[in-house]
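The chain contents come next:
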Amino acid sequence: MNNKIIIINGPNLNLLGEREQSQYGSITFDELKENCLRKSKELGLKVNFTQSNIEGEIVNIIQDARKNFDGIVINAAAFTHTSVAIRDALSLFKKPIIELHISNIYKREEFRQKSLISDIVTGGIFGLGSEGYILAIISMQNLLKK
Ligand code: DQA
């Protein structure tokens, strides 16, 4: 069975709990990680939960994921709206990809309403808070069973 997934978090998500609680809630990055690891274990998925503030580092992580993982869940954070490099790296990943946002980016500032990756991913979750990560893990398990 395919069961290794990577959850990639972009810039400033390490400061969850501290940044804009009205958008992102009060959960901390470590608590979110813990919840994701627990859910993945329960579902029999191996998960790598990672975060970087650096665009090139995220590109490297995505490139390496081609060899080591069966699916990607990505909250590219601000890079969602700007990074052709992350889009191009994701295009090379020929397995399921779920785009994730804690907030509803389509209800926010105009510059957030454009995602450079939505049209190349398998599917997306947005606006459901940190619970979206748990839903993404469940969806990824279903996608990998197919
Ligand atoms: C975000 C939305 C982005 O616009 C923002 O830059 C983030 C987080 C979200 O999870 O809602 O950092 O991706």
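Since the structure is predicted, the reported quantities are computational estimates derived from the model, not experimental observations.

Participant: Could you clarify how one ought to interpret helix 4 (residues 84-91) in this entry?
Facilitator: Side chains that are three or four residues apart share a direction in an α-helix, a result of its 3.6 residues per turn. When we look at burial in helix 4, the residues that qualify are Ile86, Ala89 and Leu90. Along the long axis of helix 4, the arc covered by the buried residues comes to 100°, so they all point the same way. In this fold, the buried residues of helix 4 make contact with helix 3 (55-68), strand 3 (71-75) and strand 4 (97-101). The opening residue of helix 4 is Ser83, an N-cap whose side-chain oxygen sits 3.4 Å from the backbone nitrogen of Ala85.

Participant: I would appreciate a short explanation of the site of the ligand in the present structure.
Facilitator: By nearness alone, every residue bordering the ligand is listed as Arg19, Tyr24, Asn75, Ala77, Ala78, His81, His101, Ile102, Ser103, Ile105, Arg108 and Arg112. Contact distances for the ligand include 3.2 Å between an oxygen atom and a backbone N or O atom of Ala78. In this structure, Arg112 approaches the ligand through a side-chain N or O atom, which is 3.0 Å from an oxygen atom. When the ligand is considered free in solution it has 330 Å² of accessible area, and contact with the protein chains removes 98% of it. Residues of the shell around the ligand, tallied by class, amount to five nonpolar, four polar and three charged.

Participant: In this structure, what is going on with the environment of Gly44? I would like to understand it.
Facilitator: Tracing the sequence through the fold places Gly44 in the loop between helix 2 (29-43) and strand 2 (46-51). Owing to a relative accessible area of 41%, Gly44 belongs among the partly exposed residues under this scheme.

Participant: Just checking my understanding: could you explain the environment of Ala77 for this structure?
Facilitator: Residue position: Ala77 is located in the loop between strand 3 and helix 4. Residue classification places Ala77 among the buried positions, given a relative accessible area of 11%. Look past the residues within four positions of Ala77 in its chain and what remains in contact with it is Gly10, Pro11 and Leu13.

Participant: So what exactly am I meant to see when it comes to the sheet that holds strand 2 here?
Facilitator: Adjacent strands of a sheet form backbone hydrogen bonds with each other and so pair up, either parallel or antiparallel. Read from one edge of the open sheet, five strands run 2-1-3-4-5, paired in parallel fashion. Of all strands in the sheet, those with a lone pairing partner are strand 2 and strand 5 (123-126), marking the two edges. This sheet shows a mean twist of 15° between the axes of neighbouring strands, independent of strand direction. Direction of pairing for strand 1 (residues 4-9) relative to strand 2: parallel, over a ladder of six bridges. Pairing of Lys4 across the sheet is with Lys46, part of strand 2.

Rules behind the numbers
Here the residue numbering is sequential within each chain, running from 1 through the sequence in written order. Only residues with pLDDT of at least 70 are given local features in this predicted model, and only at 80 or more are side-chain atom pairs given and counted; all residues enter the totals for whole chains, interfaces and linings. Where side-chain values are given, they derive from all heavy atoms of the structure, hydrogens and water being excluded. To sort residues, take the accessible area from a 1.4 Å probe on protein chains only and compare it with the maximum for the residue type: under 20% means buried, over 50% means exposed, and anything in between is partly exposed. Secondary structure follows DSSP: runs of H or I at least 4 residues long count as helices, runs of E at least 2 residues long count as strands, and numbering of each begins at the N terminus. The arc under discussion is defined with respect to the helix axis, by the directions toward the C-beta atoms. Two residues form a contact once any of their heavy atoms are found within 4.5 Å. Whenever a nitrogen or oxygen atom comes within 3.5 Å of another N or O atom, the pair is scored as a polar contact, on the condition that within protein one atom can donate a hydrogen and the other can accept it, and that pairs from neighbouring residues in sequence are kept only if both atoms are in side chains. Think of it this way: one heavy atom of a residue within 4 Å of a molecule or strand is enough to make that residue near it. All accessibility values rest on the Shrake-Rupley procedure with a 1.4 Å probe; residue burial counts only the protein chains present in the view. The nonpolar class holds Ala, Val, Leu, Ile, Met, Phe, Trp, Tyr, Cys and Pro. Asp, Glu, Lys and Arg form the charged class, and all remaining residues, Gly among them, are polar. Strand pairing follows a simple DSSP-based rule, namely that at least 2 bridges must link the two strands. Every axis in this analysis is a line fitted to C-alpha atoms, fitted for helices over the stretch in contact. Angles between the N-to-C directions lie between 0 and 180 degrees.

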